[in-house]
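Architecture and fold: a report
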Amino acid sequence: QVQLVESGGGLVQAGGSLRLSCRASGSIFSINTMGWYRQAPGKERELVAVITSAGTTNTADSLKGRFTISRDNAKNTAYLQMNSLKPEDTAVYYCNVQGLRRMSMVRFDSWGQGTQVTVSS
């Protein structure tokens, strides 16, 4: 199986910055896409940003210019740099990783446990 470990969440004042990390481990042959999603109370989980193995990114329109996704393939790790944070960014942030399992070559789609980001006004 594939496990994801997220870190970097916490409490920050409006206008501040945080960097989230997500490291994948386990039976992995390759990782195709890595992404970040978030869910605020009473709202549906939404895409924040996704990055492909080639480095192509797709970021939610409302977050472009403030949030940047990146990845370190050697470490099987994705990052989310969050700048100029606003109270409306408060949510649980989830990492998602898709790829192929080692040996079997079957696809996997794994989710992290989520990390809380709280932005105070």
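The structure under discussion appears in the preceding block.
Conventions and cut-offs
Residues numbered from 1 in each chain as written. Predicted model: local features only at pLDDT ≥ 70, side-chain atom pairs only at ≥ 80, totals over all residues. Heavy atoms only, no water. Pairing = 2+ DSSP bridges. Helix = DSSP H or I, 4+ residues; strand = E, 2+ residues; numbered from the N terminus. Axes fitted to C-alpha atoms, helices over the stretch in contact; angles between N-to-C directions. Buried < 20%, exposed > 50% of the residue type's maximum accessible area, 1.4 Å probe, protein only. Polar contact = N/O pair within 3.5 Å; in protein donor to acceptor, adjacent residues only side chain to side chain. Contact = heavy atoms within 4.5 Å.

Right, let's talk about the sheet that holds strand E1 (residues 2–7) for a bit. In space, the 4 strands of this open sheet follow the order E1-E3-E8-E7, with antiparallel pairing throughout. Two strands bound the open sheet, and with one partner strand each, they are E1 and strand E7 (67–72). Geometrically, the sheet is characterised by an average inter-axis angle of 15° between neighbouring strands, direction not taken into account. Of the pairings in the sheet, the one linking strand E3 (residues 18–26) to strand E8 (residues 77–82) comprises 6 bridges and is antiparallel in character. Paired with arginine 19 across the bridge in E8 is glutamine 81.

Quick look at the environment of serine 62 now. By the secondary structure assignment, serine 62 is in the loop between strand E6 (57–59) and E7. For serine 62, a relative accessible area of 59% corresponds to the exposed category. Placed 30 residues apart in sequence, serine 62 and valine 92 show a C-alpha to C-alpha distance of 17 Å.

For methionine 103, which is not glycine, the phi torsion reads 70° and is therefore positive. Positive phi, close to 65°, is recorded for methionine 105, a residue that is not glycine. Within the secondary structure, methionine 105 is located in the loop between strand E9 (91–100) and strand E10 (107–111). When its relative accessible area of 38% is taken as the criterion, methionine 105 is described as partly exposed.

Within the secondary structure, asparagine 96 is located in strand E9. Here aspartate 109 takes part through its side chain, which lies 2.6 Å from a polar atom of the side chain of asparagine 96. Of the polar contacts made by the side chain of asparagine 96, one reaches the backbone oxygen of serine 110; its length is 3.1 Å. For asparagine 96, the residues in contact, after removing those within four places along its chain, are Leu4, Thr33, Met34, Gly35, Tyr37, Asp109, Ser110 and Trp111.

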